[in-house]
Amino acid sequence: MVRKVELKSRCSRCGGHLESVLDQLEGVCSQLSCRGPHLVEKRRQAEREKREAWAATIEELKKAFPELLTDQGRDEVASEQQAHVSLVPGTDSPLVPLPPDRHEQFLAHLDVICREAVRLCDDPKKVNSLMTEYGHRGSATKDSPILPVLNGCSTCRGYCCRNGGDHAFLDASFVAWQLLCDPCSTAESVRNAYIHRLPDVSVEGSCVFHGSQGCVLSRAERNNVCNNFHCFELQDAIEQHSEGESRAWIAVARSDTGALRVGKMDSSGNQTRRETSGP
Ligand code: SF4
Ligand code: SF4
Ligand SMILES: [Zn+2]
């Protein structure tokens, strides 16, 4: 369907004449006092539409998976008070062997960062800044993510890991940090360890370490961005989380074409996950 584009000749806020096609498309002039509120409203509208789409998805899922939303014997309203429902992106790309050119790209990337890491370790100033940058990592990498993150990310299956591409967010600073932490390690041993961790098959078009069950690297082997990143959708769920709560978490993973799967995790971390029958 071709959407008809309407060009406006007057600014919807100040009524001024619109010259440029961009302004005419937006229906607003480029003065900050007009453009600013217009963009805020546009963003709010997009948010509203997105939330409505999510709400419709949840309604569909309530019908398709009633037992996931209601505990036996309870009615739906009661059970909704028992569970947090969050909406996450999702991926259902197939698992494939890493194409040779991507494998090569990854090796080339590793070579570059390992060489650079050795240089960083020989520079006292850089070593100091690495200490500041990575100093807090120790305990943070051992902590297990909180329930809404565990449930959300495992239901989503790593949509954001597509950004890991052929570099997996590994960089010279992080390799240098590993070399400094373990005096027995060498650039060669770090390099070989990462090569050894490459899975036989990975999610098509995603990070080289994105395996069938998610990232194949341990948290200690991943760079900070991989351990700390939470997508916009997940942030809502994180805000609702409080330690020691007994409510369950429900995550609905959705692609552009519809709901993919739903996961429910109880407060002890037991998860039930189910695929939808497709859009
Ligand atoms: S952070 Fe968001 S996009 Fe990334 S795996 Fe978790 S739910 Fe998916
Ligand atoms: S290294 Fe792991 S967490 Fe990071 S992008 Fe790749 S698969 Fe995702
Ligand atoms: Zn105006």
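Calculation criteria
Residues numbered from 1 in each chain as written. Chains lettered and ligands numbered in written order. Predicted model: local features only at pLDDT ≥ 70, side-chain atom pairs only at ≥ 80, totals over all residues. Heavy atoms only, no water. Donors = N, O, S within 2.8 Å, 3.2 Å for Na, K, Ca; no water. Tetrahedral: all angles 85-135°; square planar, octahedral: opposite > 155°, others 65-115°. Helix = DSSP H or I, 4+ residues; strand = E, 2+ residues; numbered from the N terminus. Buried < 20%, exposed > 50% of the residue type's maximum accessible area, 1.4 Å probe, protein only. Near = heavy atom within 4 Å. Nonpolar A, V, L, I, M, F, W, Y, C, P; charged D, E, K, R; others polar. Pairing = 2+ DSSP bridges. Axes fitted to C-alpha atoms, helices over the stretch in contact; angles between N-to-C directions. Contact = heavy atoms within 4.5 Å. pLDDT = per-residue confidence, 0-100. Arc of directions from axis to C-beta. Salt bridge = Lys/Arg side-chain N within 4 Å of Asp/Glu carboxyl O.

### Topic: the coordination of the zinc ion (ligand 3)
No. 1: Here the zinc ion (ligand 3) is held by the protein donor atoms Cys11 (SG), Cys14 (SG), Cys29 (SG) and Cys34 (SG), which lie 2.3 to 2.4 Å from it.
No. 2: Considering all four donor atoms around the zinc ion (ligand 3), the spread of angles at the metal, 104 to 117°, places the coordination shape in the tetrahedral class.
No. 3: Expressed as a motif, the donor residue spacing for the zinc ion (ligand 3) is C-x2-C-x14-C-x4-C. A residue pair is termed long-range when its members are at least 10 positions apart, and Cys11 in the segment before helix 1 (21-26) and Cys34 in helix 2 (residues 32-64) qualify at 23 residues. As far as burial versus exposure is concerned, Cys11 and Cys34 are alike and both buried.

### Remarks on the site of ligand 1
No. 1: Taken together, Val88, Pro89, Gly152, Cys153, Cys156, Gly158, Tyr159, Cys160, Cys231 and Leu234 make up the full set of residues adjacent to ligand 1.
No. 2: Taken together, the elements giving at least two residues each to the shell around ligand 1 come down to strand 1 (83-89) and helix 8 (147-156).
No. 3: With three residues, the single largest contributor to the shell around ligand 1 is helix 8.
No. 4: Per-class residue counts for the shell around ligand 1 are eight nonpolar, two polar and no charged.

### A look at the sheet that holds strand 1
No. 1: Spatially, 1-6-7-8 is the arrangement adopted by the four strands of the open sheet, whose pairing is mixed. Strands with a single pairing partner mark the edges of an open sheet, and in this sheet they are strand 1 and strand 8 (271-275). Neighbour to neighbour, the strand axes of the sheet diverge by 20° on average, direction disregarded.
No. 2: Bridging between strand 6 (residues 248-255) and strand 7 (residues 258-265) involves seven bridges; their strand directions are antiparallel. Across the sheet, Ser255 pairs through a bridge with Gly258, a residue of strand 7.
No. 3: Relative to the sheet, helix 12 (residues 232-240) contacts strand 1 and strand 6, its axis offset from that of strand 1 by approximately 160°.

### Digging into the site of ligand 2
No. 1: Lining the immediate surroundings of ligand 2 are Cys161, Gly164, Ala168, Phe169, Cys207, Phe209, His210, Cys215, Leu217, Arg222 and Cys226.
No. 2: Taken together, the residues that form the shell around ligand 2 break down as eight nonpolar, two polar and one charged.

### Structural notes on the environment of Asp143
No. 1: Inspection of the secondary structure assignment puts Asp143 in the loop between helix 7 (137-140) and helix 8.
No. 2: When its relative accessible area of 46% is taken as the criterion, Asp143 is described as partly exposed.
No. 3: For the pair Asp143 and Arg219, spaced 76 residues apart in sequence, the C-alpha to C-alpha distance is 9.0 Å.

### A word on the confidence of the model for the protein chain
No. 1: Considering every residue of the protein chain, the mean pLDDT works out to 86; 89% of them sit at 70 or more.
No. 2: Here helix 4 (residues 76-82) is the element of the protein chain with the lowest mean pLDDT, 48, and strand 2 (residues 95-96) is the one with the highest, 98.
No. 3: Segment residues 72-80: pLDDT under 50, and nine contacts once partners within four positions in sequence are set aside and those in other chains are kept.

### Observations concerning helix 12
No. 1: Buried residues of helix 12: Glu233, Leu234 and Ala237, and no others. In a view along the axis of helix 12, the buried residues occupy a sector of 90°, so they form one face of it.

### Examining the side chain of His241
No. 1: By the secondary structure assignment, His241 is in the loop between helix 12 and strand 6.
No. 2: Of the residues examined, His241 reaches a relative accessible area of 18% and is grouped as buried.
No. 3: Beyond its immediate sequence surroundings of up to four residues, His241 is in contact with Ile146, Leu147, Pro148 and Trp249.

### What to know about the pattern of salt bridges
No. 1: Counted under the stated rule, the structure contains 10 salt bridges.
No. 2: Two residues, Arg48 and Glu41, come together in a salt bridge whose shortest N-O distance is 3.0 Å.
No. 3: In this structure, Arg197 and Glu221 form a salt bridge, with 3.0 Å as the shortest nitrogen-oxygen distance. Residue Arg197 is located in helix 10 (residues 187-197), and its partner Glu221 is located in the loop between strand 5 (214-215) and helix 11 (224-228); the two are separated by 24 residues in the primary sequence.
No. 4: A single network of salt bridges, built from pairs that share partners, joins Arg157, Arg261 and Glu275.

### Considerations on unusual backbone geometry
Excluding glycine, a negative phi dihedral is what most residues carry, and trans is how most peptide bonds are arranged.
No. 1: For Arg157, which is not glycine, the phi torsion reads 70° and is therefore positive.
No. 2: Examined against the element boundaries, Arg157 turns out to sit in the loop between helix 8 and helix 9 (172-181).
No. 3: Accessibility expressed as a relative area gives 32% for Arg157, which makes it partly exposed.
No. 4: One non-glycine residue, Ala168, lies in the positive phi region at around 55°.

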